[in-house]
2 protein chains.
Amino acid sequence: MKIDLGRKTILYPMPVLMVGTYDKKDKPDLMAAAWGGIFNDNMVCLCLDRNHKTVANLKEHKAFTVGVADAKHVTECDYVGIVSANDEPDKLDKANLTAVKSTRVDAPVIDELPLTLECQLVSYDDNTEQAVGNIINVIADDSILTGGKVDPAKLKAITYDPVNHTYIQLGEVVGKAFSDGKKLQ
Amino acid sequence: MKIDLGRKTILYPMPVLMVGTYDKKDKPDLMAAAWGGIFNDNMVCLCLDRNHKTVANLKEHKAFTVGVADAKHVTECDYVGIVSANDEPDKLDKANLTAVKSTRVDAPVIDELPLTLECQLVSYDDNTEQAVGNIINVIADDSILTGGKVDPAKLKAITYDPVNHTYIQLGEVVGKAFSDGKKLQ
């Protein structure tokens, strides 16, 4: 039986995107965002409330990074999502996270996160509150690679559950894309 | 050690969004999209190549649905992602999927998919190829609910792995959002 849940912001999976920026004093900042994803070939889109410090930062430096939150750093990622740098300027230190300057864009790479997208800001729309970024490079920790390719079983990316407010790790491989469907052709 | 993977469209998790529309003859169509997600409160965003039949459909009917692909229907979802309705007008029948007219928007709900967003089209931008939709209602099958709420362990949503081209099911709960991070406060 079908049940109407009403007008709600529910979708699975939602990502946990760790958005790294520098503020106007070049201090690194990091926040968590679940509203966003791939926008187009080599482009990402983030929906970020215009009041976030991150929005001022990315307008100033025209760049940001997107780190993928992983099971190993759930507590750290949740913490930087809860606390604003406006209230706790040293939130990265408190979370024991290390910001390293990207060599490609004017934004910090979080050393502990195993996969990071270095992005040049294309636009931030004050009306829709949508930031669009060009992916310049993807950085992976060698610990998450198998044969030089990202291995999701090693990455252990987490997703945000918008209903029960939990983080869920990616699990079992259940199919092959552009392949399983051929059985029906 | 950090490894540069170059300019690539890599992110985890990517969703598997099953986009349902009617064509100009009111025939239901369904495609799979990995580029998209929540855009804002009660809004979704999909990046859809302007050549997709779905784009013509949603411009015509100003509506679409987004079904969440689940482990149970990997083959069916992959099939409708592989095959265009331009080549196989009866692709829904071939996939044994049942389209039911939404009572709220001019788009089909796929009965077999356990969670569906009914969306009114807000805009489709021919330059950015971005479709934005207002979520009017969320429909859930009662088989995926626990205590009236979506239960991800029952839903078994799948994600798309853009590197290895597999589908990965959501797994274990590894943390509580807006809670675990308080340990560091």
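Rules and cut-offs
- Residues numbered from 1 in each chain as written.
- Chains lettered and ligands numbered in written order.
- Predicted model: local features only at pLDDT ≥ 70, side-chain atom pairs only at ≥ 80, totals over all residues.
- Heavy atoms only, no water.
- Least-squares fit on C-alpha atoms with pLDDT ≥ 70 in both.
- Contact = heavy atoms within 4.5 Å.
- Salt bridge = Lys/Arg side-chain N within 4 Å of Asp/Glu carboxyl O.
- Helix = DSSP H or I, 4+ residues; strand = E, 2+ residues; numbered from the N terminus.
- Buried < 20%, exposed > 50% of the residue type's maximum accessible area, 1.4 Å probe, protein only.
- Buried area = accessible area lost by both parts, 1.4 Å probe.
- Polar contact = N/O pair within 3.5 Å; in protein donor to acceptor, adjacent residues only side chain to side chain.
- Nonpolar A, V, L, I, M, F, W, Y, C, P; charged D, E, K, R; others polar.
- 1 Å grid on protein atoms, 1.4 Å probe; cavity = no way out; pocket = protein on both sides within 12 Å on 5 of 7 lines; lining within 4 Å.
- Points joined across faces, edges and corners; volume = space filled by probe spheres on them.
- Pairing = 2+ DSSP bridges.
- Axes fitted to C-alpha atoms, helices over the stretch in contact; angles between N-to-C directions.
- pLDDT = per-residue confidence, 0-100.
- Arc of directions from axis to C-beta.
- Phe/Tyr/Trp six-rings, centres within 6.5 Å; stacked < 30°, edge-to-face > 60°.

Some remarks on the relation of the copies chain A and chain B
Its rotation angle being 180°, the transformation that places chain A on chain B also includes 0.0 Å of axial translation and leaves an RMSD of 0.0 Å. Taken together, the turn and the small shift mark the pair as related by a two-fold rotation axis. Here 100% of the interface residues in chain A have copies in chain B that are interface residues too; the copies meet face to matching face.

What to know about the pattern of salt bridges
A complete count under the given rule lists 20 salt bridges over all chains for this structure. The shortest N-O distance in the salt bridge between A:Lys2 and B:Asp141 comes to 3.1 Å. A residue pair is termed interchain when its members come from two chains, as with A:Lys2 in strand β1 (residues 2-6) and B:Asp141 in strand β11 (residues 130-141). A:Lys53 serves as the salt-bridge partner of A:Asp23, at 3.0 Å between the closest nitrogen and oxygen.

Notes on the environment of A:Gly20
Residues and elements named next belong to chain A. Considering the arrangement of structural elements, one finds Gly20 in strand β3 (residues 17-22). Judged by its relative accessible area of 0%, Gly20 falls in the buried class. Between the C-alpha atoms of Gly20 and Ala107, which are 87 residues apart in sequence, the distance is 6.4 Å.

Quick look at the environment of A:Ala71
By the element assignment, A:Ala71 lies in the loop between β7 (63-68) and α2 (74-82). Along the backbone, A:Ala71 and A:Lys25 are 46 residues apart, and their C-alpha atoms lie at a distance of 31 Å. Residue contacts for A:Ala71: discarding those within four places in its chain leaves A:Lys156, A:Ile158, A:Gln169 and B:Val174.

Observations concerning the interface of chain A and chain B
Taken together, the contacts link 89 residues of chain A with 89 residues of chain B. Across the chain A to chain B interface the summed buried area is about 8100 Å²; carbon plus sulfur atoms make up 60%. Joining chain A to chain B, the criterion identifies four salt bridges. Here chain A and chain B share 48 residue pairs in polar contact (both at pLDDT 80 or more) between them. Ranked by the residues each element gives to the side of chain A that touches chain B, the list is headed by strand β15 (residues 166-176) of chain A, at 11 residues. The residue inventory of the side of chain A that touches chain B, partitioned by class, reads 47 nonpolar, 22 polar and 20 charged.

Structural notes on empty space enclosed by the protein
Once rolled over the atoms, a probe with the size of a water molecule shows which space is left empty. Tallied over the full model, the rule gives two cavities of 30 Å³ or more. Of the pockets and cavities examined, the largest cavity occupies roughly 70 Å³. Lining the largest cavity we find 16 residues, and of these A:Pro15, A:Gly36, B:Pro15, B:Gly36 and B:Gly37 sit closest to its centre. For the lining of the largest cavity, the secondary-structure elements that each account for two or more residues are β2 (14-15) and β5 (36-40) of chain A together with β2 (14-15) and β5 (36-40) of chain B. Looking at the lining of the largest cavity residue by residue, the class counts come to 12 nonpolar, four polar and no charged. In this structure, the second largest cavity occupies an estimated 60 Å³ of space. Taken together, A:Gly36, A:Gly37, A:Ile38, A:Cys45, A:Cys47, B:Gly36, B:Gly37, B:Ile38, B:Phe39, B:Cys45 and B:Cys47 make up the lining of the second largest cavity. Those elements that place two or more of their residues in the lining of the second largest cavity are β5 and β6 (43-47) of chain A together with β5 and β6 (43-47) of chain B. Of all the elements, β5(B) adds the most residues to the lining of the second largest cavity, at four residues.

Quick notes on the sheet that holds strand β14 (residues 158-161) of chain A
With antiparallel pairing, the six strands of this open sheet are ordered in space as β2(A)-β14(A)-β15(A)-β15(B)-β14(B)-β2(B). With one partner strand each, in any of the chains shown, β2 of chain A together with β2 of chain B form the two edges of the open sheet. Pairing analysis gives seven bridges linking β15(A) to strand β15 (residues 166-176) of chain B, with the strands arranged antiparallel. Counted as the bridge partner of A:Leu170 is B:Leu170 from β15(B). Strand contacts of helix α2 (residues 74-82) of chain B: β15 of chain A together with β14 (158-161) and β15 of chain B, with the helix running at about 75° to β15(A), the strand carrying the most contacts.

Notes on α2(A)
Taken together, the buried positions of α2(A) are A:Val74, A:Glu76, A:Cys77, A:Asp78, A:Tyr79 and A:Val80. Close packing links the buried residues of α2(A) with β3, β4 (28-33), α3 (91-94), β14 and β15 of chain A together with β15 of chain B.

Here we look at the confidence of the model for chain A
Regions with low pLDDT carry predicted coordinates that are not meant to be interpreted in detail. Residue-level pLDDT values for chain A average 97, and 100% of them are 70 or greater. Interface scoring of the predicted complex returns ipTM 0.97; its pTM is 0.97.

Section: helix α1 (residues 53-61) of chain B
B:Thr54, B:Val55, B:Asn57, B:Leu58 and B:His61 are the residues of α1(B) that are buried. All buried residues of α1(B) lie within an arc of 160° about the axis, which places them on one face of the element.

Brief notes about the packing of aromatic side chains
Applying the stated criterion to the full structure yields four aromatic pairs over all chains. Summarising the aromatic geometry, the rings of A:Tyr160 and A:Tyr167 are spaced 6.4 Å apart at their centres and angled 55° between planes, so their arrangement reads as tilted. Neither residue differs from the other here; A:Tyr160 and A:Tyr167 are each classed as buried. Considering the side-chain rings of A:Tyr160 and B:Phe178, the 6.0 Å spacing of their centres and the 80° angle between planes classify their relative orientation as edge-to-face. In this pair, A:Tyr160 sits in strand β14 while B:Phe178 sits in the segment after β15, so the two residues belong to two different chains. Among the residues examined, B:Phe178 registers a relative accessible area of 47% and is labelled partly exposed. The structure contains a cluster of three or more aromatic residues connected by ring pairs, namely A:Tyr160, A:Tyr167 and B:Phe178.

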